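Single-letter residue listing:
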Amino acid sequence: MAVSNEELNRQFEYATRVRQLLLDRTGGKSPKAFTHTYGCQGNVADGEKIDGILSEMGYEFTDDPAEADFILFNTCAVREHAEDRIFGNVGRLKKYKETNPNLIICLCGCMVQQPHIVQRIKDHFRYVDLAFGTHVIYKLPELLYRTLTEEGRVFDISEDNNDIAEDGVIRHNSNIKAFLPVTYGCNNFCTYCVVPYVRGRERSRSYDEVLNEARSLVNQGYKEIMLLGQNVNSYGNDFHEKNLFPKLLRDINDIPGDFLIRFMTSHPKDCSHELLDAMAECEKVERHLHLPVQSGNDRVLKAMNRHYDREHYLELIRYARSIMPDLSITSDIIVGFPGETHEEFLDTISLVKEVGYSALYTFIYSPRVGTKAASLPDPMTRTEKQQWFEELQFAQEQCAAARTEQFRGQVFRVLAEKRNKHGKLEGRTSGNTMIEFDAPDSCLGTFCDVRVTEPLSFVLKGELN
Ligand code: SAH
Ligand code: SF4
């Protein structure tokens with residue numbers, strides 16, 4: 001269900017009131033916001049919505065928190081390390097409050113959707129004025145109005161609202177690539193993962209909304225559309241339609257224009273041959289499949305509640321490669337799941353070698369409050385897990401280096417996305433490997449033919465062909 005127009009209008013009225021209040025406060029000058037998003041692309045897409053709402057309320061944006069009237073951290077809860085880092089950074093905000101008592105400090109996103117974290121903010125971070133969860137982003141105008149006009153701090157982590165707010169203004173971080181969420185939330189309850197708890201049940205956006213947004217992005221000149229969901233392959237399951245995502249890919253592919261389509265994440269249990277066929281047949285869909293395996297061992301996969309086994313995963317890869325020989329495959333892997341033995345871990349290493357991934361995102365298991373795995377016995381020490389982690393990284397580095405070496409001298413059509421800190425233009429091959437090259441700014445946002453001159457394991461150096 002979508003949030004009603006009546007509710008969106010109510011928020012619009014709050015936005016108008018906030019704009020006026022802020023102008024009164026700043027003596028007619030535009031107020032300034034500093035916002036920062038942690039975590040996955042889904043969070044980045046939320047951050048772009050939040051920035052859109054802030055700009056509607058009259059905020060301009062600054063990269064310097066010292067000159068901001070409003071500071072917002074959009075947080076990530078997927079691992080403990082992310083949470084610790086965010087709390088460290090929140091601690092550093094206190095000094096800005098001391099020099100600017102009118103400053104509003106706000107935390108939102110996945111961390112804030114956890115009751116124990118909210119308690120910690122209430123008890124130890126008293127200078128945080130506003131905190132809201134992942135379900136009420138569209139209510140930001142009302143929440144900010146209350147922060148500005150009421151005594152005390154404002155917290156809203158209600159999760160009773162699963163409706164999707166459409167029609168908001170989005171302030172995209174780039175004018176070349178755009179994120180396009182197709183689902184929110186997750187139903188899978190992998191035993192290690194906090195996402196279903198902090199993001200709620202899976203909701204698909206309406207087919208027409210997604211398709212219209214894709215058309216509008218192409219019309220605005222975006223050259224890459226990244227479709228997002230925790231499990232894009234289950235897009236539409238809540239409309240009781242199976243395999244709607246491959247149809248969506250085909251329909252977006254049919255939009256006239258020179259642009260690319262990427263998507264993530266595909267859960268192996270729902271990755272169908274139909275999806276792979278659609279990828280193979282759609283010329284705008286890039287040759288990259290992010291298919292997180294998590295572990296190469298069947299017992300561990302079962303304990304993770306992943307609903308596939310090693311053989312099913314490998315069968316998918318074999319089929320995908322039979323129809324797309326140049327397909328690049330990437331994955332996520334968790335090392336040191338509770339009770340994992342060294343032998344079981346070696347099954348992951350052997351799977352990594354067998355598949356030959358282009359890149360891996362590897363994580364040491366991090367217990368998350370409220371998840372099933374957090375209560376399992378976990379006898380392995382952190383030092384041992386760290387050793388396995390390094391073993392895995394070493395194995396992957398060798399696979400990646402052998403793969404990129406084959407690219408020496410090859411020419412790729414690359415969308416020039418940005419100028420990086422080395423002064424080079426940067427983009428990605430169809431298989432999502434980063435490539436950097438010398439070129440003038442006029443190439444930004446265009447497709448360039450780039451020849452690989454120096455292939456490193458994780459980045460290619462090249463020159464315009
Ligand atoms: N929906 C995606 C993943 C989202 S979270 C999928 O199912 O593939 C991104 C990655 O973080 C996961 O794939 C997993 O590898 C890692 N991750 C999630 N929870 C974790 C935890 N508790 N400890 C370590 N890594 C975790
Ligand atoms: Fe987490 Fe599993 Fe859902 Fe991915 S599919 S978000 S890992 S519960």
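All values reported here derive from a predicted model rather than from experimental measurement.

Attention shifts here to the environment of I157. Tracing the chain through its elements places I157 in the loop between β6 (154-156) and β7 (177-181). Beyond its immediate sequence surroundings of up to four residues, I157 is in contact with V112, Q113, V118 and G133.

Quick look at the packing of helix α9 (residues 244-253) against helix α10 (residues 273-281) now. Where α9 contacts α10, the two axes come as close as 8 Å, and the packing angle between them is 10 degrees. The angle between α9 and α10 falls in the class roughly parallel. Each of F245, P246, L249 and R250 in α9 lies in contact with α10, whose residues at this interface are E274, L275, D277, A278 and E281.

This paragraph deals with the environment of C271. With respect to the helices, strands and loops of the structure, C271 is situated in the loop between β11 (260-264) and α10. Given the relative accessible area of 5%, C271 is considered buried. Apart from residues lying up to four places away in sequence, C271 is in contact with N233, L276, L291 and L316.

Before going further, it helps to spend a moment on the packing of aromatic side chains. Under the counting rule described, the total for this entry stands at 14 aromatic pairs. Look at F189 and Y197: their rings are 5.3 Å apart centre to centre, the planes differ by 85 degrees, and that puts the pair in the edge-to-face class. We classify Y197 as partly exposed; its relative accessible area is 35%. Between the aromatic rings of F337 and Y365, the centroid separation amounts to 5.7 Å while the plane-to-plane angle is 70 degrees, which identifies the pairing as edge-to-face. Here Y365 lies in the loop between β14 (359-364) and α14 (382-405) and F337 lies in the loop between β13 (328-335) and α13 (342-355), a separation of 28 residues in the sequence. Since its relative accessible area comes to 6%, Y365 is described here as buried. Among the aromatic residues, those joined into a ring-pair cluster are F87, F125 and Y127. A cation over a ring is seen here: R413 above F447, with NZ or CZ 4.0 Å from the ring centre.

Moving on: the site of ligand 1. Of all residues adjacent to ligand 1, which total 15 residues, the nearest are Y192, Q230, Q294, D332 and S366. The separation between an oxygen atom of ligand 1 and a polar side-chain atom of R79 is 3.0 Å. Y192 is positioned with one of its backbone polar atoms (N or O) 3.0 Å from a nitrogen atom of ligand 1. In the complex, the protein chains occlude 90% of the 540 Å² of accessible area that ligand 1 would expose alone. If you list the elements that add at least two residues to the shell around ligand 1, you get β13 and β14. The class makeup of the residues in the shell around ligand 1 is seven nonpolar, four polar and four charged.

Moving on, we come to the side chain of S272. In this fold, S272 is placed in the loop between β11 and α10. Setting aside residues up to four positions removed in sequence, S272 forms contacts with N243 and P246.

Glancing now at the pattern of salt bridges. Side chains carrying opposite charge are able to pair once their charged atoms draw close together. In this structure the tally under the stated criterion is 27 salt bridges. In this structure, the salt-bridge partner of D46 is R199, at a minimum N-O distance of 2.8 Å. One end of the pair, D46, is in helix α2 (residues 41-56); the other, R199, is in helix α7 (residues 195-199), and 153 residues separate them in sequence. Just as D46 is buried, R199 falls in that class too. Between K269 and D270 there is a salt bridge, with its nearest N and O atoms 2.9 Å apart. Of the residues examined, K269 reaches a relative accessible area of 28% and is grouped as partly exposed. Classification of D270 by relative accessible area gives partly exposed; the value is 21%.

A few words on the pairing of β11. Looking down a regular strand, the side chains alternate between one sheet face and the other. Here β11 lies mainly inside the structure; five of its five residues are buried. Residues L260, R262 and M264 line one face of β11 and the alternating positions I261 and F263 line the opposite face, and both faces are buried. In this structure, strand β10 (residues 224-228) lies alongside β11, joined through five bridges in parallel fashion. Note on β11: the bridge partner recorded for L227 is F263. With respect to chirality, the unit in which β10 leads through α9 into the neighbouring parallel β11 is right-handed.

Conventions used here
- Residue numbers restart at each chain and count upward from 1, following the sequence in its written direction.
- Chain labels run from A onward and ligand labels from 1 onward, assigned in the order the entries are written.
- Local features in a predicted model are, by the rule used here, given only for residues with pLDDT of at least 70; side-chain atom pairs are given and counted only at 80 or more, and totals for whole chains, interfaces and linings are based on all residues.
- For side-chain calculations, the full set of non-hydrogen atoms in the structure is used, while hydrogens and water are omitted.
- Comment: elements are numbered from the N terminus, with helices defined as DSSP H or I runs of at least four residues and strands as E runs of at least two.
- Only heavy atoms matter for contacts: two residues are in contact if any of them lie within 4.5 Å across the pair.
- The axes used here are C-alpha line fits, helices contributing only the stretch in contact, and every angle between their N-to-C directions lies in the interval 0 to 180 degrees.
- Angles are sorted into four bins: roughly parallel if under 35 degrees, roughly antiparallel if over 145, roughly perpendicular if 65 to 115, and oblique for all others.
- When a residue's accessible area, from a 1.4 Å probe over protein chains only, is under 20% of the maximum for its type it is buried; when over 50% it is exposed; and in between it is partly exposed.
- Any two of the Phe, Tyr and Trp rings considered here, Trp counted by its six-membered ring, make a pair once their centres fall within 6.5 Å; the pair's planes then place it as stacked at under 30 degrees, edge-to-face at over 60, or tilted in between.
- Consider the ring centre and the ring normal. A charge sits over the ring if Lys NZ or Arg CZ is within 6 Å of that centre and within 35 degrees of that normal.
- Consider each residue's heavy atoms; a residue with any of them within 4 Å of a molecule or strand counts as near.
- For this analysis, a polar contact is any N or O atom pair within 3.5 Å, provided that within protein one partner can donate a hydrogen and the other can accept it, and provided that sequence-adjacent residues contribute only side-chain to side-chain pairs.
- Throughout, the Shrake-Rupley method with a 1.4 Å probe supplies accessible areas, and for residues the shown protein chains are the sole cover considered.
- Amino acid classes used here: Ala, Val, Leu, Ile, Met, Phe, Trp, Tyr, Cys and Pro are nonpolar; Asp, Glu, Lys and Arg are charged; the rest, including Gly, are polar.
- A side-chain nitrogen of Lys or Arg and a carboxyl oxygen of Asp or Glu constitute a salt bridge if their distance falls within 4 Å.
- The pairing criterion is simple: DSSP has to find at least two bridges between the two strands.
- Crossover handedness is defined by viewing with both strands directed away from the observer: a clockwise path from the first strand over the helix to the second marks the crossover as right-handed.

Functional significance is not addressed by these values, which are geometric in nature.
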